[in-house]
Every structure is written in C-alpha cells, then in structure tokens.
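Each chain is listed here by its residues.
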Amino acid sequence: MGARPQFVKLAPIAKAAAAAGVEHVIVHTGQHYDPMLSDVFFEDLGIPAPDVHLGVGSGSHGVQTGAMLGALDAVFDEHDPDWVLVYGDTNSTLAAAVSAVKLHYPLAHLEAGLRSFNRRMPEEHNRVLTDHAADLCLAPTAVAMGHLANEGLAGRSLHVGDVMTDVLLQVRDAVAGAESDLVAELGLAPGDFHVATIHRAENTDDPTRLAEIAAALSSLEHPVVLLAHPRVVAKAATHGIELTRGSLVVHAPLAYPDLIAAVLSSRSVITDSGGLQKEAFLLRVPCTTVRPETEWVETVELGWNVLANTSSEIAAAVGRPAPQPTDATPYGDGRAAERVIETLLARARA
Ligand code: UD1
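Here the residue numbers are simple positions, counted from 1 along each chain's written sequence. Owing to the predicted nature of the model, reporting of local features is limited to residues with pLDDT of at least 70; listing and counting of side-chain atom pairs is limited to 80 or more, with chain, interface and lining totals taken over all residues. Side-chain descriptors were evaluated using all non-hydrogen atoms of the structure, hydrogens and water having been removed beforehand.

**Side note on the packing of aromatic side chains**
Where we set the bar: Each Phe, Tyr or Trp ring (for Trp, its six-membered ring) is paired with any other whose centre lies within 6.5 Å, and the angle between the two planes then decides the class: stacked below 30 degrees, edge-to-face above 60, tilted in between. Every helix listed is a DSSP run of H or I at least four residues long, and every strand listed is a run of E at least two residues long, numbered separately from the N terminus. Throughout this description, buried means an accessible area under 20% of the type-specific maximum (1.4 Å probe, protein chains only), exposed means over 50%, and partly exposed covers the range between.
For the structure on display, the rule yields five aromatic pairs. Where Phe 76 meets Tyr 105, the ring centres are 6.2 Å apart and the plane angle is 65 degrees; that geometry is what we call edge-to-face. One end of the pair, Phe 76, is in helix H3 (residues 61–79); the other, Tyr 105, is in the loop between helix H4 (91–102) and strand S4 (107–110), and 29 residues separate them in sequence. For Phe 76, a relative accessible area of 7% translates into the label buried.

**Thoughts on helix H15 (residues 311–318)**
Worth spelling out the cut-off: Each C-beta atom gives one direction from the helix axis, and the arc is the one those directions make. In this description, contact between two residues means that some pair of their heavy atoms is separated by no more than 4.5 Å.
What H15 keeps buried is the set Ile 314, Ala 317 and Val 318. Along the long axis of H15, the arc covered by the buried residues comes to 95 degrees, so they all point the same way. Of the exposed residues in H15, the ones pointing more than 90 degrees away from its buried face are Ser 312 and Ala 316. Among the structural elements, strand S7 (194–197), helix H10 (207–218), strand S10 (268–271), strand S11 (287–289) and strand S12 (305–307) are those in contact with the buried residues of H15.

**Some points on the sheet that holds strand S3 (residues 84–87)**
Worth spelling out the cut-off: One bridge is not enough; two strands pair if DSSP finds at least two bridges between them. Lines fitted to the C-alpha atoms define the axes, with helices restricted to the stretch that makes contact. Angles between their N-to-C directions range from 0 to 180 degrees.
Taken in spatial order, the four strands of this open sheet run S3-S4-S5-S6, and their pairing is parallel. The sheet is open, and its two edges are formed by S3 and strand S6 (157–159), each paired on a single side. For this sheet the average axis-to-axis angle between neighbouring strands, irrespective of direction, equals 20 degrees. Note: S4 against strand S5 (residues 136–139), three bridges, orientation parallel. Note that in S5 the partner of His 109 across the bridge is Cys 137.

This is the structure:
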C-alpha cells in the first residue's frame, strides 16, 4: 500500500496479524509521502513502521504504477510470501497485484467488488483489474459480493465486512466527548460548520469543474472547512482558483483521530472521498457527495448520503432536512480484520 486510505485499512489488519502470530511484512510504495498523508497514520493508529519503503512518489499513472511494479518483483522474491494482500483501488494496489500474479504469489484483494461503473475514474480501472487478477476477493458488503458474482468471480469471493468500520468504531470511542482541535483552532461553533474534502481527479483536474465546486462551497450558509489534499491545492494554484473566500476556509489535512473528532462536531460532511462518506454514515453525520455516483450505495439508500454535482444540487443537498435514524449495519460489526487474517491463515499454502 502507499496512499492515505490504505493506511487506515492496514491498521486493523496489522493488529489482527500480530494477535494471530502471523509474520506480516508491510510494504509502503511511497505513493503518498507528505507526513500528513502518511506518517501520522502510522503514529496515531499504532501501525508498525513499514518493513520496506519503495519511495516511488508522484508521477503520471503509467510512470508511478510502472516504478512500483519494477521495484516490487525483488521485494516479493526476497520475502516469498504465502499471500500478497492488497487494499482498495489506488495505483499502489494495481502495481502490487500485477507483480504478485506474474510471480505466481497468491493474491488477496481487500475491499473487492466495489464498482462505480464510471470508467473515467482511475480507481475503477484499478479495482476491476485487481479483482480479476486476485485469487481471493475479500468483499466489504453484500452489494460488492453481487458485483463480483455478476463478473463471474463468486467462486473466489468472500464477504468479510469492512475493515474501515473496525478502525472507525475504535477511534470514535477514543475521541468521544473530547473537543475537536479544529473547532478550537478555527474558533468554530460546534454543529455550525461543514467538513469538506475534494481531491478526485474528476473534480480537480478540470479548472471549470474545480471553480464550480469552489464557488458552490463558498456560497453555502455555514462555514465550510476544506481539509485540502495537496492535489487540490496544487490544481487551484495552477489555475488561479481562489479557495479561501465566502464561507470556504482552507485547512491542511487532519490526522485520523482529529478528522473523526471534527466530523463528530460538524453539521455535515461534503466530500468526494469514498472513505469519508462511509465514516460520516457510521458516525450518523449527514453527507453530501460531490460525484455522479458512489460505490457505497447503502449510505444513499439509507438516506444519510445524497449525490450532488451542480451548485444548486450541492446547496439543496446540504440544506436538506435531517435523515431518518437507522440502526442498519451494512458495513459489518467491526471485526472484519480478524476474519481476513483467519481466512488467509486457513487458506495459506502448506
Ligand atoms: C490517490 C488515489 C485515490 C485516493 C487518494 C487518497 C490513485 C489513482 N488515486 O489519489 O484513489 O482516494 O490517493 O488521498 O491511486 N501529492 C503530494 N504529496 C503526496 C501525495 C501526492 O503533494 O504525499 C500531490 C502531487 O501533486 C501528486 C498529486 O498529489 O501529483 C496526486 O497524487 P497521486 O498519488 O497521484 O493521487 P491522489 O490524488 O493522492
């Protein structure tokens, strides 16, 4: 792994592997290298330091993925793993998947079966290719299992639940009741501001699209704190788009516990992140997703997430009435990582 959301998923797996006495070699590709996108997750979530760090960094899709692929062959050959476990849908996922299958190492894909059906998204290419390369598809939801079955992959798929739920529930309990640092730092009134993240290529790379989103967020009634990924800051600077204006306040990305505390104090979340849509739902904070579709359809069906793209759709979604309470648990019971490790142990080569 190598990108921010993968460190969150790694945390419960590393813990479950250690508890089961499994030798677990952590390989960081270096896709994310800013301390706030990488190191803080290892520190806050108690993840052991990576055993191997490839230091690949940023680049176009081919250059970045190719550099990882080139470096991984020697790593896998040195460690001779019983399983290669890859996470999610980033370029790091695809590189490790391709390297593992080419070298005949058993490949398991965690968070398998998610689909947006939007072939413009780099994540959609990565997840489809990885699922079809994998020997074992570990699905977070029943919907994901359905997608895998539709693509002929039912025989190698298993519904284990969502490992992000494992971490979220633990961190929620740890930060509950404490004041959010973000609230204190920016002098916000609890319950009166929105937490926003925008980083997807589809929303940041086209200047017209990014300008439209910035304008929509800046004209909302309550303050909007944009926890800005380096990508959105870089694209806004290149295209001369002013992000701090009107209701919109730009802030650096937060460490995971600070993010959860901020979301718990917020009025609602506005995002194009997959993970944050689900975290908002699990914390029962309303979410507006700035995308035409979502992989986490359960959040929409249960009324806690609304898809919105134009300025008027975003304003209407953010201003909507509170959703109906629900006790549904489509993302599992918080014990997915244990199931993953049990499954890998049971199916390891002799
Ligand atoms: C990647 C994933 C995306 C995931 C996101 C989480 C792919 C195709 N995309 O997107 O699915 O939701 O991570 O954050 O793998 N940059 C920095 N510092 C860093 C990393 C990136 O400044 O530590 C900047 C660079 O300008 C870089 C740009 O962000 O070119 C994009 O980084 P990249 O790793 O290509 O993709 P993300 O947008 O982070």
